[in-house]
Amino acid sequence: MRILVLIKQVPDTWGDRRLDPASGRIDRHEPEPVIDEIGERAVEVALRYRDGSEAEVVVLTMGPESATDMLRRVLAMGVDRAIHVVDPALEGADMMTTATVLAAAIRHAGFDVVVAGNESSDGRGGVLPAMVAEHLGVHHLTGLDEVVIDEESVRGVRVVGSERVTVRAALPAIISVTERSPEARIAGFRGIMQAKKKPLERFSLADISAELPARRSIVTTVEQAPIRTAGTTIVDSGDAAVQLADFLTSQRLV
Amino acid sequence: MGTVLVLASTDRKGRIRESVGTLLSMARRLGDPVTVVAARADEVDDAVETVTAAGASKVLIAEITGTGEWRENAELEAATAAYAAVNPIAVLAINAVGAREVAARLAVRIGAALATDAVAVRTVDGAPLAEHSVLGGSFTVESRADAGPLVVTIREGAAAAAGDATTPEVSRLDNLADAEAVTVESVEEIEANEERPDLRTAQRVVSGGRGLGSAEGFELAGRLADALGAAVGASRAAVDAGYASQSLQVGQTGVTVAPQLYVALGISGAIQHRAGMQTSKVIVAINKDSKAPILEIADFGIVGDVFTIVPQLIDELDRRR
Ligand SMILES: Cc1cc2nc3c(=O)[nH]c(=O)nc-3n(C[C@H](O)[C@H](O)[C@H](O)COP(=O)(O)OP(=O)(O)OC[C@H]3O[C@@H](n4cnc5c(N)ncnc54)[C@H](O)[C@@H]3O)c2cc1C
């Protein structure tokens, strides 16, 4: 069994993230690029299955040179090998391009299960796993809070409205997990040493026979919203509730 | 005027989701809406009635043959057939898990550009444009297709439903591809509070954080919400601690809200939480810690204990009524 995990490098959400006003693309230098937390959880889901089986866990990312650091980090968590698709033609890729290229890389690598996060913290599209599934012609189960993988199938729990639905699909399949899935394990010293010897392959678009889609979405305008500032702050000395009620009344909110 | 295809999604029981009203009012800004619905034979009449009441005048029905337990694949086949039938300039779906995936897979199939989580749409020289509020509302971006149609998913609650009952023109789509693939093994109902407004569309929201200390403590948020006619939200820490259900999480990885009033109780205001609520019109925060970041964006901030202030506030609001 081969499990491929999709991970992504994103600007750290603890920093002030910005768009480049000219291109409308996210500024990938500031704040510092890190692995998207949801991708780490996806790796954890794959590793938990591998802990009790013979499966191979491979991480795959499409991204700039700097993404290599992130790949080393997850190799140290216990992932077997890493694949990095890096090509100058991919700068500013839209979702359609990303899905096309990831699908080509997945096909090239071979897989039984692909695990992804449900939404990246920068793009927040939440559609990539489904788009990849469409390209590959496999089932997709997305937005799963809990996942059980076995030899033939994958099963998971998705919350839709007021229902917790347990769904199942035959392999091969692609799944996406939510932040309800377990937190990632911490890499130990041994893992970090081993990671240095693990395979990390780099592919260009030509290497994986990826053809870019003909049509794409383009950003036409970018506008920064005014920064919010503090209004009144009071320290409660017994009458804060009354003052707040006055404020709400003055704003016609009650 | 170009045709705009509206993908009306249904729940597992075949009921049309309310969001179709939002989609129809957005679609009208772009052109002439045609609504496609995938429904079982016994659901068709109800479906037509619901979309009509929400303002649909042209309806395409694709009949589902299977059990209909998992509808996304059937909805995709219906959307594909409808697309071929009407040749639209844009396709609109709601940006909820499931529905947005149907839209995205359609975009892959037809090789069209995709724009997700739009908060508004308009046309320029006849071409559809999508407006997005990104990075927690700190930027507004417009996007369009470089060529061909634009598939757009619309943020839930982005526009009021514009329901005008009409007499619809209904036609059927035939010869759909077979679509069963995912099996539903079991379903468990989660307790939902139907009396409170929906978080995504509410004009007032009261959110509770880890500062409420326990599930019982969290009920304070519910009590204030009821006094204000508000929806209840929560921080991720409150959700992780089990005080509130996951569907109530506000923030970067939860729901994005932009109500008239947002009240944060015992929430520190981490950047990821602010990303989901900072475009609210008026922000009120109560926090014990005068350095809590939420106070930096609050229009009215109180440094104090929620357990003393909120009950007093509820009494005060009662008294003024
Ligand atoms: C990738 C990523 C995504 C995330 N997504 C989200 C998200 O979508 N939504 C989200 O909310 N968070 C998100 N977080 C988590 C976020 O970073 C914070 O951990 C979280 O918002 C903290 O929640 P909190 O403010 O309730 O808890 P805390 O930070 O623990 O704050 C509790 C606050 O309550 C105050 N308090 C305690 N007792 C009282 C009292 N009696 N009266 C008044 N005040 C009191 C304290 O002073 C404190 O400020 C995300 C984090 C990451 C890394």
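First, a word on what this report is: a plain description of the structure on this page. Fair warning: this is a prediction, and the values are worked out from it, not measured in the lab.

What counts and how
- Residues numbered from 1 in each chain as written.
- Chains lettered and ligands numbered in written order.
- Predicted model: local features only at pLDDT ≥ 70, side-chain atom pairs only at ≥ 80, totals over all residues.
- Heavy atoms only, no water.
- Helix = DSSP H or I, 4+ residues; strand = E, 2+ residues; numbered from the N terminus.
- Buried < 20%, exposed > 50% of the residue type's maximum accessible area, 1.4 Å probe, protein only.
- Contact = heavy atoms within 4.5 Å.
- Areas by Shrake-Rupley, 256 points an atom, 1.4 Å probe, with all protein chains shown as cover.
- Lys, Arg positive; Asp, Glu negative; His and termini not counted.
- Charge placed at Lys NZ, Arg CZ, Asp CG, Glu CD.
- Near = heavy atom within 4 Å.
- Polar contact = N/O pair within 3.5 Å; in protein donor to acceptor, adjacent residues only side chain to side chain.
- Nonpolar A, V, L, I, M, F, W, Y, C, P; charged D, E, K, R; others polar.
- Buried area = accessible area lost by both parts, 1.4 Å probe.
- Salt bridge = Lys/Arg side-chain N within 4 Å of Asp/Glu carboxyl O.
- Pairing = 2+ DSSP bridges.
- Axes fitted to C-alpha atoms, helices over the stretch in contact; angles between N-to-C directions.

1. Things to note about the overall build of chain A
Working step 1: Assigned secondary structure in chain A consists of 6 helices and 13 strands.
Working step 2: Considering only C-alpha atoms, chain A reaches an extent of 65 × 40 × 40 Å along its principal axes.
Working step 3: When each of the 254 residues of chain A is scored for burial, the buried share is 52%.
Working step 4: Looking at chain A alone, contacts between residues at least 24 apart form 71% of all its contacts between residues at least 6 apart.
Working step 5: Accessible surface, chain A: about 11,500 Å² in total, of which carbon and sulfur atoms supply 50%.
Working step 6: One finds the centroid of the 29 positive side-chain charges in chain A at a distance of 3 Å from the centroid of its 38 negative side-chain charges.

2. Description of the site of the ligand
Working step 1: Looking at the ligand, there are 27 residues lining it, with B:S235, B:T253, B:S268, B:Q272 and B:N287 nearest.
Working step 2: Close to the ligand, residues of chains A and B are found.
Working step 3: Between the ligand and B:T253 there is a distance of 2.7 Å, counted from a nitrogen atom to a side-chain nitrogen or oxygen.
Working step 4: At 2.7 Å, a backbone N or O of B:S268 approaches an oxygen atom of the ligand.
Working step 5: Calculation on the ligand without its partners gives an accessible area of 980 Å², and the protein chains cover 85% of this total.
Working step 6: For the shell around the ligand, the secondary structure elements donating two or more residues are α6 (236-240), α7 (271-274) and α8 (306-320) of chain B.
Working step 7: For the shell around the ligand, the residue count by class is 7 nonpolar, 14 polar and 6 charged.

3. Describing the side chain of A:R81
Residue and element names in this part refer to chain A.
Working step 1: Relative to the helices and strands, R81 is located in strand β5 (residues 81-85).
Working step 2: A polar contact is formed between the side chain of R81 and the side chain of E56, at a distance of 2.7 Å.
Working step 3: Residues in contact with R81, not counting those within four places in the same chain, are R2, E56, V57, V58, V59, L75, P199 and E201.

4. Focus on the interface of chain B and chain A
Working step 1: On the chain A side, the residues contacting the 88 residues of chain B number 79 residues.
Working step 2: Interface area, chain B with chain A, both sides summed: about 7,200 Å², of which 54% is carbon and sulfur.
Working step 3: When the buried area of chain B at its contact with chain A is split by residue, B:L135, B:F139 and B:F300 rank highest and sum to 9% of it.
Working step 4: The partner of B:R100 in a salt bridge is A:E119, and the shortest N-O contact between them spans 3.1 Å.
Working step 5: At the boundary of chain B with chain A, the tally comes to 48 residue pairs in polar contact (both at pLDDT 80 or more).
Working step 6: When residues of the side of chain B that touches chain A are assigned to their parent elements, the largest contribution, 8 residues, is made by helix α4 (residues 99-110) of chain B.

5. Looking at the sheet that holds strand β10 (residues 173-177) of chain A
Working step 1: Strand order across the open sheet formed by 10 strands is β11(A)-β5(A)-β4(A)-β1(A)-β6(A)-β10(A)-β7(A)-β8(A)-β9(A)-β10(B), with mixed pairing between neighbours. Of all the strands in the sheet, the pair left with one neighbour each is β11 (200-203) of chain A together with β10 (183-189) of chain B. For this sheet, the mean inter-axis angle between neighbouring strands, taken without regard to orientation, is 35 degrees.
Working step 2: Relative to β10(A), strand β6 (residues 113-117) of chain A runs parallel, the two sharing 5 bridges. Bridging across to β10(A), A:V113 finds its partner in A:A173.
Working step 3: The strands touched by helix α2 (residues 67-77) of chain A are β4 (56-62), β5 and β11 of chain A; relative to β5(A), the strand with the most contacts, the crossing angle is about 165 degrees.

6. Overview of the side chain of A:R41
Working step 1: Tracing the backbone shows A:R41 in helix α1 (residues 37-51).
Working step 2: For A:R41, the side chain forms a polar contact with the main-chain oxygen of A:E179, separated by 3.1 Å.
Working step 3: Setting aside chain neighbours within four positions, we find A:R41 in contact with A:T178, A:E179, A:S181, A:P182, A:E183 and B:R236.

Structural measurements only, silent on function.
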